[in-house]
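# Inside the fold
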Amino acid sequence: MMHIRILILSSLMLLWIPTSAANNGYMELRKPKRDVVIIPDYDMLQDTDIEPAVSVKVDELPTCLLCVCLSGSVYCEEVSPEMSTVPALPKETAYLYARFNKITKISLSDFADMATLRSIDLTGNLIAAIDDGAFSKLPNLEELILAENKLTKLPMLPSQLVLFNANFNKLRTQGVKATAFKKLTRLAYLYLGHNELTAVPQLPESLHVVHLNNNKIAKITDQTFCKGKTSYYIRHNLDEVRLDGNPITLSTYPDSFVCLQSLPIGWYN
């Protein structure tokens, strides 16, 4: 009886083994295949795959791309890449602000036929030279600011100027004609402080303010601001004079200010 039971169990085992194997195989076949996604390694890209940066010169770009152009005003302040020349301006430009750049020279052609210009501000550049006549074709120019440059002399200035500022340059008396400002009959504000002037140029009657502080002026006369010792002559327009910072003792020249409504301002020895 025991032998019969063993035979029956053996038969059942033989039948179960291939069925189980088949079932396992069937389930293995039902497993879904995984999609393999290849992610590129951007860190391993060769240099040849990257386009080289194009070097652009400032003078090859349109002015209104380098600067801000707005209603007749052009703002070119601290331009990057560095601006070493005056940019070509739109014909309707009335106000130019090209401060704190690397402009080294004003050429005759920079402002040619720019009749609409009323104000030019070139503060904080490296301007050491200005061609004669560079401003001669600017009939409406009223303000010219050349402060904080490297000028040793001045060109002929436009006759309609109201304000001229050349503070903090290297201007010398030899480079500034004695009559440079005399014929500027509208000039009201003249700033020539922090230069190397040894004499006061002739001043127009229209002046309201003149700053000659921090130069090398050691002497003045009764003709510098007035017309000698004449008591009837009064400069009604001239409100503010600065001579401080010069090697001059004002008390030595008591007749030099008799025509002024107030004495020069500032600290003096």
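Residues numbered from 1 in each chain as written. Predicted model: local features only at pLDDT ≥ 70, side-chain atom pairs only at ≥ 80, totals over all residues. Heavy atoms only, no water.

### Concerning the overall build of the chain
Put simply, the rule reads: Put simply, DSSP H or I for four residues or longer makes a helix, DSSP E for two residues or longer makes a strand, and each gets a number counted from the N terminus. Buried means the residue's accessible area, taken with a 1.4 Å probe over protein chains only, is under 20% of the maximum for its type, while exposed means over 50%, and partly exposed covers the values in between. Any pair of residues with heavy atoms lying within 4.5 Å of one another is described as a contacting pair. Exposure was quantified through the Shrake-Rupley algorithm and a 1.4 Å probe, taking into account, for residues, occlusion by the shown protein chains and nothing else.
Looking only at helices and strands, the chain has two helices and eleven strands in total. Secondary structure of the chain in N-to-C order comes out as α-α-β-β-β-β-β-β-β-β-β-β-β. Expressed as a percentage of the 269 residues in the chain, the buried residues total 38%. Put simply, 44% of the contacts in the chain that link residues at least 6 apart link residues at least 24 apart. Roughly 17200 Å² of accessible area belongs to the chain as shown, and the carbon and sulfur atoms make up 56% of that amount.

### Describing the nonpolar core
Defined as follows: Residues grouped as a nonpolar core are buried Ala, Val, Leu, Ile, Met, Phe, Trp, Tyr and Cys residues, joined through side-chain atoms within 4.5 Å.
Ranked by size, the top nonpolar core spans 58 residues in total, and within it Ile106, Phe111, Ile120, Phe164 and Phe181 carry the most contacts. For Phe111, the contacting residues outside a window of four places in its chain are Val86, Leu89, Leu96, Ile106, Leu117, Ile120, Ala134, Phe135 and Leu138. Counting residues in hydrophobic clusters, the runner-up holds five residues, among them Ile145, Ala147, Leu163 and Tyr191.

### Some details on unusual backbone geometry
Cis geometry is found at the peptide bond from Ser80 to Pro81, where omega equals 0 degrees. With respect to the helices, strands and loops of the structure, Pro81 is situated in the loop between β2 (73-75) and β3 (95-97). In this structure, Ser71 takes a positive phi of about 50 degrees despite not being glycine. Within the fold, Ser71 resides in the loop between β1 (68-70) and β2. A relative accessible area of 76% places Ser71 in the exposed class. The phi dihedral of Asn214 is positive, around 55 degrees, even though this residue is not glycine. Turning to its location among the elements, Asn214 is positioned in the loop between β10 (209-211) and β11 (240-242). Under the relative-accessibility criterion, Asn214 is labelled partly exposed at 29%.

### Looking at the packing of aromatic side chains
The condition that has to hold: Two aromatic rings, drawn from Phe, Tyr or Trp (for Trp, its six-membered ring), form a pair once their centres lie within 6.5 Å of each other, and the interplanar angle then sorts them: stacked below 30 degrees, edge-to-face above 60, tilted otherwise.
Evaluation of the coordinates by the stated rule reveals four aromatic pairs. Aromatic pair Tyr75 and Tyr97: ring centres 5.0 Å apart, planes at 10 degrees, arrangement stacked. Of the two residues, Tyr75 sits in strand β2 while Tyr97 sits in strand β3, which places them 22 residues apart along the sequence. Relative accessible area serves as the criterion here: at 34%, Tyr75 is assigned to the partly exposed category. With a centroid separation of 6.0 Å and 45 degrees between ring planes, the pair formed by Phe164 and Phe181 is classed as tilted. Residue Phe164 is found in strand β8 (residues 163-165), and its partner Phe181 is found in the loop between β8 and β9 (189-191); the two are separated by 17 residues along the sequence. The class for Phe164 is buried, based on a relative accessible area of 0%.

### Digging into the sheet that holds β8
For clarity, the cut-off: For two strands to be treated as a pair, DSSP must find no fewer than two bridges joining them. Only the contacting stretch of a helix is used when fitting its axis, a line to C-alpha atoms as for every element, and angles between N-to-C directions run 0 to 180 degrees.
Read across the open sheet, the nine strands follow the order β1-β2-β3-β5-β7-β8-β9-β10-β11; overall the sheet is mixed. Each having just a single partner strand, β1 and β11 make up the two edges of the open sheet. The sheet shows a mean angle of 5 degrees between the axes of neighbouring strands, taken without regard to direction. Note that β3 and strand β5 (residues 119-121) share three bridges and pair parallel. Considered in β5, the bridge of Tyr97 is made with Asp121.

### With respect to the environment of Phe164
Residues Phe164 and Tyr189, spaced 25 residues apart in sequence, show a C-alpha to C-alpha distance of 6.3 Å. Contact partners of Phe164, with chain neighbours within four places excluded, come to Leu144, Leu146, Leu154, Leu157, Phe181, Leu187, Tyr189, Leu190, Tyr191 and Leu192.

### Looking at the pattern of salt bridges
The criterion, for reference: Think of a salt bridge as a Lys or Arg side-chain nitrogen and an Asp or Glu carboxyl oxygen that are within 4 Å of each other.
Inspection of every chain in the model, using the stated rule, returns seven salt bridges. The shortest N-O distance in the salt bridge between Asp121 and Arg99 comes to 3.4 Å. Of the two residues, Asp121 is situated in strand β5 and Arg99 in the loop between β3 and β4 (105-106); the sequence distance between them amounts to 22 residues. A relative accessible area of 6% means that Asp121 is categorised as buried. Across the salt bridge formed by Glu142 and Arg118, the nearest N and O atoms sit 3.4 Å from each other.

### Concerning the state of the cysteines
Our working rule: To count as a disulfide, a pair of cysteine sulfur atoms needs to be within 2.5 Å.
Scanning the model with the defined rule gives three disulfides in all. A sulfur-sulfur distance of 2.0 Å marks the disulfide that ties Cys64 to Cys69. With the S-S bond torsion at -100 degrees, the cross-link from Cys64 to Cys69 turns out left-handed. The class of Cys64 is partly exposed, set by a relative accessible area of 44%.

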